[in-house]
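For reference, the chains in residue letters:
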Amino acid sequence: MTLSTALAWAIDLLAVLLLALGLKGLSKVRSARSANGLAALAMGLAVLGLLIQQPLSAVAWLWIVIGSAVGGLAGLVMARRVPMTAMPETVALFNGCGGMASLLVALGVALFGAGEAGLVEGISIVISVFVGAITFTGSLVAMGKLQGWIDTPGWTQSQVRHGVNIALAVAALVGAFSLPADPAGAGLWLLLLAASLLGIGVTLPIGGADMPVVISLLNSYSGVAAAAAGFVVGSPLLIVAGAMVGAAGLILTQVMCTAMNRSLLNVLFGGALGGGGGGPVGGGGDEAGYTRITSCSAEECALALENAERVVFVPGYGLAVAQAQHALRELAKLLEANGTEVTYAIHPVAGRMPGHMNVLLAEADVPYEQLVEMDAINPEFPRTDVVIVLGANDVVNPDAKTDSSSPLYGMPVLEVDQARQVFVVKRSLGAGYAGIKNALFELPQTAMVFGDAKVVLNGLASELRDLGFGKKTAA
Amino acid sequence: MTLSTALAWAIDLLAVLLLALGLKGLSKVRSARSANGLAALAMGLAVLGLLIQQPLSAVAWLWIVIGSAVGGLAGLVMARRVPMTAMPETVALFNGCGGMASLLVALGVALFGAGEAGLVEGISIVISVFVGAITFTGSLVAMGKLQGWIDTPGWTQSQVRHGVNIALAVAALVGAFSLPADPAGAGLWLLLLAASLLGIGVTLPIGGADMPVVISLLNSYSGVAAAAAGFVVGSPLLIVAGAMVGAAGLILTQVMCTAMNRSLLNVLFGGALGGGGGGPVGGGGDEAGYTRITSCSAEECALALENAERVVFVPGYGLAVAQAQHALRELAKLLEANGTEVTYAIHPVAGRMPGHMNVLLAEADVPYEQLVEMDAINPEFPRTDVVIVLGANDVVNPDAKTDSSSPLYGMPVLEVDQARQVFVVKRSLGAGYAGIKNALFELPQTAMVFGDAKVVLNGLASELRDLGFGKKTAA
Amino acid sequence: MSGLSQALWVLLLGSLLGLELIGKVPPTLHTPLMSGANAISGITMLASLTLISRAGENPALLALGAASLAFALFNVVGGFLVTDRMLAMFSRKSSNRTSSNRKPRVER
Amino acid sequence: MSGLSQALWVLLLGSLLGLELIGKVPPTLHTPLMSGANAISGITMLASLTLISRAGENPALLALGAASLAFALFNVVGGFLVTDRMLAMFSRKSSNRTSSNRKPRVER
Ligand SMILES: NC(=O)c1ccc[n+]([C@@H]2O[C@H](COP(=O)([O-])OP(=O)(O)OC[C@H]3O[C@@H](n4cnc5c(N)ncnc54)[C@H](OP(=O)(O)O)[C@@H]3O)[C@@H](O)[C@H]2O)c1
Ligand SMILES: NC(=O)c1ccc[n+]([C@@H]2O[C@H](COP(=O)([O-])OP(=O)(O)OC[C@H]3O[C@@H](n4cnc5c(N)ncnc54)[C@H](OP(=O)(O)O)[C@@H]3O)[C@@H](O)[C@H]2O)c1
């Protein structure tokens with residue numbers, strides 16, 4: 001063991017330690033931000049350890065600089081520019097590129113024989129290519145669906161897709177088995193093509209609303225791809241880090257499913273769910289089945305707000321879609337200026353990604369103290385005068401508590417039905433993500449205010465101004 | 001990779017998985033017992049994996065059978081026979097033997113060159129011998145002190161011991177460094193001797209009451225010794241399992257220290273603490289400093305019990321020492337037969353080992369439902385008529401809540417001072433483990449009943465029988 | 001003990017560690033954790049660097065390696081930055097007290 | 001990747017795993033956990049077995065190995081049994097309801 005090997009080894013060791021600490025810290029609110037920094041530091045260290053150990057030619061350095069500059073800069077710009085609400089698709093894109101990187105390495109080794117040619121390396125190459133390709137195409141499809149660029153074709157909702165996917169998997173397997181005989185031959189390309197198509201075929205049928213789960217799963221895959229690449233180039237650090245991320249991603253996927261009351265199998269093989277899930281502009285769906293609905297105008301709602309002392313806003317997916325967070329903030333300011341107590345009830349899985357509402361309202365400069373978590377606000381509803389539900393549906397469905405046959409049964413919800421008066425702002429009687437009726441809409445204390453969330457909020461604000469609100473602050 | 005190697009490898013893998021699951025499960029009440037079985041199964045698997053891989057001659061088998069029979073049988077008998085209350089010393093003995101096993105393997109390899117002779121093996125042998133010897137002698141001393149066979153010599157409480165221990169450590173180092181030149185020479189014996197003495201020198205000054213912590217630490221060491229033995233014979237399974245136990249033991253040691261409000265450094269280098277810590281028959285100590293003490297006879301106490309509707313017993317270390325658990329159970333039965341509600345308040349660190357009181361009372365057939373954990377019983381004290389504190393002291397000290405200068409400050413205690421009447425049964429005004437005064441004894445509602453716990457309890461029972469208790473059940 | 005068996009041990013232990021590290025994550029942290037873990041999976045850039053270092057004078061291999069490196073670094077740099085941005089949002093404690101007293105902004 | 005470096009990786013990862021596995025242990029379980037972990041540390045019997053298998057015809061080595069095996073098995077067998085005995089005490093739920101209604105035993 002030379003000095004530089006020993007040093008490199010110590011650095012690798014430290015890097016793994018820091019990575020583990022980083023992953024651990026990321027799962028706790030307090031430490032999350034510094035843990036992220038720690039993980040980044042660990043990555044830097046790992047690169048350092050590698051560079052110490054491997055002598056590089058000038059040409060190699062040139063290519064490294066070019067590659068880093070392009071990738072790093074693109075990442076930097078992307079990370080700065082992208083709007084907060086587009087986080088899931090951004091993560092999907094990053095993730096896909098990670099898978100692509102593992103894939104390219106494996107291709108390089110296979111095509112040009114830049115590694116040992118043992119059985120282990122062979123298997124590792126197959127895994128790297130297979131998982132890397134699935135991760136890449138799957139992530140891109142996930143991103144496309146979240147952005148609304150890609151629709152869910154009809155045939156993917158039928159049983160046909162299972163047949164297609166199985167055929168693709170078999171094709172990939174055939175390619176994989178013909179690899180040992182001819183590492184750089186047609187088998188490789190068959191494997192690559194089949195895996196790429198499989199990534200599309202598996203992700204395409206899944207509803208846009210389930211995408212965070214899928215992305216988390218694909219993220220776990222990209223860890224596996226990294227570990228496989230570790231076997232290909234013989235780097236224990238890469239194996240450890242890849243395995244760690246792969247396993248952690250799996251757990252996170254499971255945790256996410258539990259949080260939104262679904263099973264992973266159902267997400268993967270159950271097809272798209274709910275009316276609102278197809279894309280960010282989704283909605284509509286089955287309006288039948290409601291009787292006893294009271295609807296009211298923005299004016300009536302404004303009158304109720306005028307007399308209220310305590311108002312709670314419940315933002316949901318619809319608010320995000322309508323991009324109405326700023327309008328909401330303006331309305332809240334008017335009320336506050338008038339002495340009304342305003343808070344926001346944040347359900348953990350409101351919206352389409354975990355933490356969606358925190359991010360959304362933080363973007364509109366809502367003071368952090370006014371965002372109240374579900375467990376803290378539920379006991380407060382009985383002494384609340386007016387609740388305004390803004391494009392939320394499932395997260396305020398009282399059936400989740402009472403009706404054991406409901407698909408939502410067991411999911412903790414915001415108990416807005418306890419409040420004196422409830423206004424529900426949405427465009428129609430359409431269902432939410434879970435695609436089911438909401439008993440809240442039929443309660444006597446509930447009134448529907450139909451319309452786009454942003455339009456209604458702006459309307460409410462101008463009604464209030466007409467009532468003399470906001471004069472003082474505007475002066 | 002032949003088939004048997006692959007099989008052995010898969011078995012090893014499974015064994016590590018089960019070991020990890022076992023360790024994890026052991027830290028949760030529900031799963032603890034099955035987790036223990038899982039870990040045992042894993043050990044069996046590991047042995048199987050090894051036997052598959054290594055062909056053994058008939059002679060080898062003979063020796064294996066002899067060794068297993070002797071060790072296994074002794075372990076079986078010991079585990080069956082030993083009284084529950086002697087658990088810490090039993091664990092210490094087992095642990096010491098584990099260290100001895102690693103030590104013997106390393107000696108065998110060093111003396112007869114039964115392994116490769118690289119630097120790594122050399123270092124591993126040194127570590128195995130060093131840690132193994134410390135574990136062995138340290139554990140035996142710990143056991144001796146817990147059994148009351150070994151006293152704490154005066155000089156070990158002075159600073160001299162640090163000098164002696166440092167000298168021993170240096171001697172061990174000298175021996176270690178002379179090993180590479182002559183693996184089977186004097187250096188080996190110097191290392192062995194110095195390490196053995198060091199184990200004694202480090203453990204001897206520590207008070208008997210701190211022994212559980214020390215045993216847990218030594219247990220962690222025996223994990224390290226096993227991992228080192230893994231390097232010596234080149235077994236990754238051994239390395240993993242040893243490292244896992246070593247690390248887990250360290251964490252457990254830390255957790256135990258926290259539970260009894262001490263720091264590990266203080267335990268290791270602070271010397272014996274408290275009057276009652278010297279051995280199981282300890283006690284006595286500083287009786288000065290109390291004024292306003294009310295003492296009363298067993299008769300008066302019995303009268304109070306006669307009129308009580310709710311009685312709570314608080315067992316402590318003194319009850320264990322007096323072996324009075326059966327006497328307590330008899331008294332409780334008399335009261336219950338009379339319709340009195342009887343419960344036992346279990347403080348997590350009452351006694352001298354974690355869970356001491358559960359084990360003690362379970363041995364006397366006290367129904368499980370009557371054992372109430374601290375957090376559950378504390379709110380009940382205000383509506384309790386009579387509390388009888390039996391040889392407990394620190395765990396009922398109200399200063400822990402109020403006096404920030406107290407060494408107990410911050411430790412959660414049983415709030416018996418909230419009850420209407422408190423009787424404290426102990427032999428004198430002597431201090432407990434922490435060696436401090438107890439403000440409880442001076443409270444107006446407290447009365448002391450001086451005497452050995454067993455004697456007092458028997459006295460109370462006969463007083464109650466004189467008052468006509470137990471007639472019905474006896475009939 | 002062979003290199004492969006050891007590498008597999010490393011794989012197994014790394015996975016077990018990963019399983020243990022993520023315990024109870026509050027839902028608000030799911031997205032940042034996902035994105036942070038994703039950034040870490042960009043560690044595959046080590047493989048890209050190794051490929052480049054082994055490429056010698058082979059231009060195709062060098063280009064392939066550089067492309068792989070670019071993809072990986074895009075993942076890493078973007079991932080960490082975006083995670084940090086998100087976490088900054090989550091932890092903005094009471095720093096907006098003042099901004100809530102500012103004059104209402106003109107609506108866009 | 002050399003054998004040593006890999007063995008050290010295994011050591012490191014095993015330790016990290018051990019650190020993670022033990023989380024919050026209720027005090028009543030400290031003793032059983034200690035004793036269970038202690039039994040596991042008797043895994044060193046694998047080394048004893050290896051020593052015996054490599055001893056060939058060397059009687060001293062065979063005896064040493066057998067002694068080591070005996071010590072280790074004493075640790076393992078005794079450790080697991082004693083842990084089980086303890087845990088049986090902790091979890092005896094309400095099975096004593098009946099025994100509490102038995103006639104009082106004669107005091108010893
Ligand atoms: N947070 C996550 O990580 C996550 C991830 C995946 C799935 N989910 C699931 O998503 C659901 C979230 O519940 P949620 O209450 O927030 O949403 P939801 O139940 O999906 O309901 C959203 C409602 O918003 C309305 N809406 C849509 N566009 C609108 C617009 N422009 N203006 C006003 N209203 C609009 C829709 O009704 P109209 O069509 O009638 O307007 C719809 O009923 C839960 O079931 C959760 O499990 C959450
Ligand atoms: N559970 C654990 O794992 C563990 C381990 C190590 C240390 N500790 C520590 O030990 C302490 C436990 O508190 P504790 O209240 O149970 O015990 P304690 O504070 O040590 O007090 C025990 C009392 O029992 C009395 N006693 C001794 N022999 C007796 C006899 N034969 N009959 C009647 N009374 C007798 C003693 O007073 P007299 O001498 O006046 O009779 C002494 O004051 C805590 O400080 C804890 O941190 C616990």
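Bear in mind that the values here come from a model prediction, so they are computed numbers and not experimental data. (Residues numbered from 1 in each chain as written. Chains lettered and ligands numbered in written order. Predicted model: local features only at pLDDT ≥ 70, side-chain atom pairs only at ≥ 80, totals over all residues. Heavy atoms only, no water.)

## Details of the overall build of chain C
Here is step 1 of the chain: Of regular secondary structure, chain C possesses four helices and zero strands.
Here is step 2 of the chain: Residue burial in chain C is summarised as follows: out of 108 residues, 62% are buried.
Here is step 3 of the chain: Contacts in chain C between residues at least 24 apart in sequence constitute 66% of all its contacts with a sequence separation of at least 6.
Here is step 4 of the chain: Here chain C displays about 3,800 Å² of accessible surface, and carbon together with sulfur accounts for 62% of that area. (Helix = DSSP H or I, 4+ residues; strand = E, 2+ residues; numbered from the N terminus. Buried < 20%, exposed > 50% of the residue type's maximum accessible area, 1.4 Å probe, protein only. Contact = heavy atoms within 4.5 Å. Areas by Shrake-Rupley, 256 points an atom, 1.4 Å probe, with all protein chains shown as cover.)

## Focus: the sheet that holds strand β1 (residues 310-315) of chain A
Residues and elements named next belong to chain A.
Here is step 1 of the chain: With parallel pairing, the six strands of this open sheet are ordered in space as β3-β2-β1-β4-β5-β6. One side of each edge strand has no neighbouring strand; the edge strands of this open sheet are β3 (371-373) and β6 (446-450). Averaged over all neighbouring strand pairs, the angle between strand axes comes to 25°, with direction disregarded.
Here is step 2 of the chain: When β1 meets strand β2 (residues 341-346), the two strands line up parallel, connected through four bridges. (Pairing = 2+ DSSP bridges. Axes fitted to C-alpha atoms, helices over the stretch in contact; angles between N-to-C directions.)

## Concerning the site of ligand 2
All names here are of chain B.
Here is step 1 of the chain: Taken together, 29 residues surround ligand 2, and among them Ala209, Asn393, Asp394, Ser428 and Asp452 come closest.
Here is step 2 of the chain: Ala431 is positioned such that a nitrogen or oxygen atom in its backbone is 3.4 Å from an oxygen atom of ligand 2.
Here is step 3 of the chain: Taking 910 Å² as the accessible area of ligand 2 by itself, protein coverage stands at 98%.
Here is step 4 of the chain: By residue class, the composition of the shell around ligand 2 is 13 nonpolar, 11 polar and five charged. (Near = heavy atom within 4 Å. Polar contact = N/O pair within 3.5 Å; in protein donor to acceptor, adjacent residues only side chain to side chain. Nonpolar A, V, L, I, M, F, W, Y, C, P; charged D, E, K, R; others polar.)

## Side note on the pattern of salt bridges
Residue and element names in this part refer to chain A.
Here is step 1 of the chain: If you walk through the whole model with that rule in mind, you get 18 salt bridges over all chains.
Here is step 2 of the chain: Between Arg329 and Glu336 there is a salt bridge, with the nearest N and O atoms lying 3.6 Å from each other.
Here is step 3 of the chain: Given a relative accessible area of 2%, Arg329 falls into the buried group.
Here is step 4 of the chain: Looking at Glu336, the relative accessible area reads 26%, which means it is partly exposed.
Here is step 5 of the chain: Measuring nitrogen to oxygen at the nearest pair gives 2.7 Å for the salt bridge that ties Asp385 to Arg420. Taken together, the residues Asp385 in the loop between α15 (374-377) and β4 (386-390) and Arg420 in the loop between α16 (399-402) and β5 (421-426) connect sequence positions 35 residues apart.
Here is step 6 of the chain: For Arg420, a relative accessible area of 52% puts it in the exposed group.
Here is step 7 of the chain: Shared partners join several salt bridges into a network, and the residues in it are Arg310, Glu341, Glu380 and Arg383. (Salt bridge = Lys/Arg side-chain N within 4 Å of Asp/Glu carboxyl O.)

## Brief notes about the relation of the copies chain C and chain D
Here is step 1 of the chain: Superposing chain C onto chain D takes a rotation of 180° combined with a translation of 0.0 Å along the rotation axis, leaving an RMSD of 0.0 Å. Taken together, these values place the two copies in the relation of a two-fold axis.
Here is step 2 of the chain: The share of interface residues of chain C whose copies in chain D are also at the interface is 100%, consistent with both copies meeting through the same surface. (Least-squares fit on C-alpha atoms with pLDDT ≥ 70 in both.)

## Considerations on the pairing of β4 of chain A
All names here are of chain A.
Here is step 1 of the chain: Buried residues dominate β4, accounting for five of its five residues.
Here is step 2 of the chain: Note: β1 against β4, five bridges, orientation parallel. Residue pairing for β4: Phe313 is matched across the bridge by Ile388.
Here is step 3 of the chain: Where β4 meets β5, five bridges bridge the pair, whose relative direction is parallel. When the sheet's bridge partners are listed, Leu390 is paired in β5 with Val425.

## Details of helix α14 (residues 356-363) of chain B
Residues and elements named next belong to chain B.
Here is step 1 of the chain: In terms of burial, α14 is largely enclosed, as seven of its eight residues are buried.
Here is step 2 of the chain: Considered for burial, the residues of α14 that qualify are His356, Met357, Asn358, Val359, Leu360, Leu361 and Ala362.
Here is step 3 of the chain: After α14 finishes, the residue Asp365 shows a positive phi value of roughly 65°.

## Thoughts on the sheet that holds strand β2 (residues 341-346) of chain B
All names here are of chain B.
Here is step 1 of the chain: Strand order in the open sheet made by the six strands is β3-β2-β1-β4-β5-β6, with parallel pairing throughout. The outermost strands of the open sheet, each flanked by one partner alone, are β3 (371-373) and β6 (446-450). Neighbour-to-neighbour, the strand axes of this sheet turn through a mean angle of 25°, independent of strand direction.
Here is step 2 of the chain: Note: β2 against β3, three bridges, orientation parallel. Paired with Tyr344 across the two strands is Leu371, which belongs to β3.
Here is step 3 of the chain: Here helix α11 (residues 298-307) sits on the sheet and contacts β1 (310-315), β4 (386-390), β5 (421-426) and β6; the angle it forms with β4, its principal contact strand, is near 140°.

## Quick look at the domain arrangement of chain A
Note: interface size is frequently given as the accessible area lost on complex formation between the parts.
Residue and element names in this part refer to chain A.
Here is step 1 of the chain: Assigned domains of chain A: these are domain 1 (1-54), domain 2 (86-282) and domain 3 (298-474).
Here is step 2 of the chain: Look at where the C-alpha atoms of domain 1 and domain 2 centre, and you get two points 26 Å apart.
Here is step 3 of the chain: The junction of domain 1 with domain 2 conceals about 500 Å² of combined surface from both sides, 94% of it contributed by carbon and sulfur atoms.
Here is step 4 of the chain: It is Val16, Leu19 and Leu23 that lose the most area in domain 1 upon contact with domain 2, and together they represent 70% of the buried surface on that side.
Here is step 5 of the chain: The interface formed by domain 1 and domain 2 includes zero residue pairs in polar contact (both at pLDDT 80 or more). (Domains from an automatic or database assignment. Buried area = accessible area lost by both parts, 1.4 Å probe.)

## Digging into the interface of chain D and chain B
Here is step 1 of the chain: Contacts between chain D and chain B engage 87 residues on the former and 106 residues on the latter.
Here is step 2 of the chain: Of the roughly 8,800 Å² buried where chain D meets chain B, counting both sides, 74% is carbon and sulfur surface.
Here is step 3 of the chain: Counting across the interface, chain D meets chain B through one salt bridge.
Here is step 4 of the chain: Across the chain D-chain B interface, the total number found is 12 residue pairs in polar contact (both at pLDDT 80 or more).
Here is step 5 of the chain: If you list the elements that add at least two residues to the side of chain D that touches chain B, you get α1 (3-21), α2 (30-41), α3 (45-54) and α4 (59-91) of chain D.

## A few points about unusual backbone geometry
Here is step 1 of the chain: At Gln323 of chain A, a position not held by glycine, the phi torsion is positive, near 50°.
Here is step 2 of the chain: Its identity is not glycine, yet Arg292 of chain B carries a phi of approximately 50°, on the positive side.
Here is step 3 of the chain: As for its placement among the helices and strands, Arg292 of chain B is situated in the loop between α10 (264-269) and α11.

## Observations concerning the nonpolar core
Here is step 1 of the chain: Ranked by size, the top nonpolar core spans 398 residues in total, and within it Phe313, Val314 and Tyr344 of chain A together with Phe313, Val314 and Tyr344 of chain B carry the most contacts.
Here is step 2 of the chain: In this structure Phe313 of chain A touches Leu328, Leu331, Ala332, Leu335, Val342, Thr343, Tyr344, Ala345, Ile388 and Leu390 of chain A, once residues within four positions along its chain are discounted. (Core = buried A, V, L, I, M, F, W, Y, C linked by side-chain atoms within 4.5 Å.)

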